[in-house]
Amino acid sequence: MAFPSSSPYVIVGAGIHGLSTAYHLALELKASGKGDGRDIIILDKNGIAAGATGIACGVVRNNYFQPAMRELMAHSVEVWESDMQAYSYHPVGYMQISPESMHADVATIYNQQQAIDYPSTFIEGEADCTKYMKGIFHDWQAQGITSVLHEAKGGYANNTKAMYGLASKVENENIRIISGVTVTGFTRNEGCVTHVETDKGNIACDYVVIGAGPWAKSLWEMLELPATVSIKGADDIIHTDIPMWIYWSLQEGTLGVDPKLQVDNDGNMPPVIHVDSNAPLYSCVDGSLVTDEMWGIYYKPDFHFGGVQGGAAPFPVKTHPDEVAVDPYGPDSPEFVVGAEFAHMWVSALAHCQKRFEGTMPKFKDEPSGGIGCFTPDSFPIFDVFHDNAYFIADSNHGYKMLGVGKLVANEIVTGQSHHLLEPFRLGRYEQGKLHPVSSSPFPWS
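In this text the structure is predicted, and so the values were computed from the model without any measurement.

In terms of helices and strands, the protein chain carries 10 helices and 23 strands. For the protein chain, the C-alpha radius of gyration of 22 Å lies close to 22 Å, the compact-globule estimate for 446 residues. Expressed as lengths along the three principal axes of its C-alpha atoms, the size of the protein chain is roughly 65 × 50 × 45 Å. A buried classification covers 58% of the 446 residues belonging to the protein chain. Counting every atom, the protein chain has about 17,600 Å² of accessible surface; 50% of that belongs to carbon and sulfur. In the protein chain, 28 side chains carry a positive charge and 52 a negative one; their mean positions are 6 Å apart.

With that settled, the discussion passes to the side chain of D384. Position of D384 among the secondary structure elements: in strand β22 (residues 382-386). Nearest to the buried, unbridged D384 among oppositely charged side chains is R426, at 4.7 Å. Separated by 3.0 Å, the side chain of D384 and the backbone nitrogen of L427 make a polar contact. In this structure D384 touches A390, Y391, F392, R426, L427 and G428, once residues within four positions along its chain are discounted.

Now for the layout of surface pockets. In this model, the second largest pocket occupies a volume close to 520 Å³. Considering only residue class, the lining of the second largest pocket consists of 13 nonpolar, 6 polar and 3 charged.

Judged by nonpolar contacts, the single largest core of 54 residues is most densely connected at W80 and M163. It is helix α3 (residues 67-82) that provides the largest number of residues to this core, a total of 8 residues. Grouped together as the second largest cluster of nonpolar side chains are 43 residues, V181, L223, I372 and C374 included.

Turning next to the sheet that holds strand β5 (residues 94-98). Overall, mixed pairing links the 8 strands, which are arranged β6-β7-β5-β16-β19-β20-β15-β21 in an open sheet. Of all strands in the sheet, those bounded by a partner on one side alone are β6 (120-124) and β21 (371-375). When the angles between neighbouring strand axes are averaged without regard to direction, this sheet yields 20 degrees. Where β5 meets strand β7 (residues 147-151), 5 bridges bridge the pair, whose relative direction is antiparallel. Note that in β7 the partner of Y94 across the bridge is E151. Lying over the sheet, helix α4 (residues 103-115) contacts β5, β6 and β7, oriented at roughly 150 degrees with respect to β6. Set on the sheet, helix α8 (residues 340-353) makes contact with β15 (246-255), β16 (272-277), β19 (295-302) and β20 (307-316); between it and β19 the angle comes to about 80 degrees.

This structure, assessed with the given rule, holds 15 aromatic pairs. Between Y9 and Y207, the ring centres sit 6.4 Å apart and the planes meet at 40 degrees, which makes this aromatic pair tilted. Here Y207 lies in strand β12 (residues 201-210) and Y9 lies in strand β1 (residues 6-12), a separation of 198 residues in the sequence. Both rings, one in W80 and one in Y400, keep their centres 5.5 Å apart while their planes meet at 25 degrees; by these two values the pair is stacked.

Turning our attention to unusual backbone geometry. Going from D327 to P328, the amide bond is cis rather than trans, its omega being -5 degrees. Position of P328 among the secondary structure elements: in the loop between β20 and α8. The backbone of A49 sits at a positive phi, close to 55 degrees, despite the residue not being glycine. Counting through the fold element by element, A49 comes out in the loop between β2 (40-44) and α2 (52-55). Although it is not a glycine, D117 sits at a positive phi angle of roughly 60 degrees. The topology assignment puts D117 in the loop between α4 and β6.

Moving on to α4. With 13 residues, α4 should cover 18 Å at 1.5 Å per step; its first-to-last C-alpha distance of 19 Å lies within 8% of that length. Within the sequence span of α4, burial applies to H103, D105, V106, A107, I109 and Q113. As for α4, its buried residues are in contact with α3, β5, β6 and β7. Where α4 ends, the next residue or the one after it, D117, has phi of about 60 degrees, a positive value.

Analysis parameters
- Residues numbered from 1 in each chain as written.
- Predicted model: local features only at pLDDT ≥ 70, side-chain atom pairs only at ≥ 80, totals over all residues.
- Heavy atoms only, no water.
- Helix = DSSP H or I, 4+ residues; strand = E, 2+ residues; numbered from the N terminus.
- Rg over C-alpha atoms; globule rule 2.2 N^0.38 Å.
- Buried < 20%, exposed > 50% of the residue type's maximum accessible area, 1.4 Å probe, protein only.
- Areas by Shrake-Rupley, 256 points an atom, 1.4 Å probe, with all protein chains shown as cover.
- Lys, Arg positive; Asp, Glu negative; His and termini not counted.
- Charge placed at Lys NZ, Arg CZ, Asp CG, Glu CD.
- Salt bridge = Lys/Arg side-chain N within 4 Å of Asp/Glu carboxyl O.
- Polar contact = N/O pair within 3.5 Å; in protein donor to acceptor, adjacent residues only side chain to side chain.
- Contact = heavy atoms within 4.5 Å.
- 1 Å grid on protein atoms, 1.4 Å probe; cavity = no way out; pocket = protein on both sides within 12 Å on 5 of 7 lines; lining within 4 Å.
- Points joined across faces, edges and corners; volume = space filled by probe spheres on them.
- Nonpolar A, V, L, I, M, F, W, Y, C, P; charged D, E, K, R; others polar.
- Core = buried A, V, L, I, M, F, W, Y, C linked by side-chain atoms within 4.5 Å.
- Pairing = 2+ DSSP bridges.
- Axes fitted to C-alpha atoms, helices over the stretch in contact; angles between N-to-C directions.
- Phe/Tyr/Trp six-rings, centres within 6.5 Å; stacked < 30°, edge-to-face > 60°.
- Expected span 1.5 Å × (residues − 1).

Given below as structure tokens:
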């Protein structure tokens, strides 16, 4: 098939945001009588789920300290639940297990989950938390836990399997996915984008959607959007020249054990476990102190990964953002993959939480894993329109769980009306001082 010279809608990126937006845009166009999937093409320089989507842990949760994030995630969970087979979605639930320093924050999350009818159970006090966790895992042994938030919804999806399921939905709507095409720039006339420039030729368009994940910074620059932002702080002072983008190194890996090692007391696949702790963490290898600072991990049994898979808090990349090499991406990068230090910390933390993981350090899969994420100044997404017809989806590495964002973006594009779930994530929030509250979690996205 010939390379297209034009398309009403061009979507850049065949990851979760690009595919979801394309699919729901086709549905919106048909419902409104304004077109259908033949009016949409998706471009990706590699292929389906070739970026962060393809290596994502796949966790789906509502556990956010920020009200706007909670409401957005409740919507996304509904989209995951709409076709669990196609999306390879496992609704096993999710648990946030925390020390006293996070107790008040997590209590707030629970109360506001109840306010939006998101089902969850909240356990308080160290003795009751231990009893509750031992009711799920007989070998639970984490110390200093004073709150447990157990979300009945949520869980995880198998990353690439879910995306190929979504891609099938896309193709069934007659949307064309074109792989191996690199976007090199945008032509604008009187402010609007008129052409998407690629290494295969230029494509005239009426509207462009960018869902480029870790490549957000380069596409942002192609659109000649600002490299810095002004942020109005809680002190009402405007802080200027804040870099628009920063990269964080993602820390994930897999323990190569039978996934059934992590079944619950009833022999069922358990909830996704997330533990934050300020208890001293000691090595499961030699008993030495790993850290006496706050740490956090998450983990789940996953047949797709072939073991118990999860991760730990990421850390900022110290290299100036202009000098960070995003390519080669993920496990293909010798610079941004986890090493022995992560493996030692993560497996030691697993053993701190559950006795069954003691002595499993040799089982850690010595294979490339991890990657980098492109984060905004406050580590929360930006969903906004620029140059009148360029919708930018910058997920700040919250992406995979946000399957529902594409549905909302598609609705905004077709109706021309702002959706209340996306309104808190506009670029203008920085200068207006409409910032999301910051939690006491060691993770930048909680």
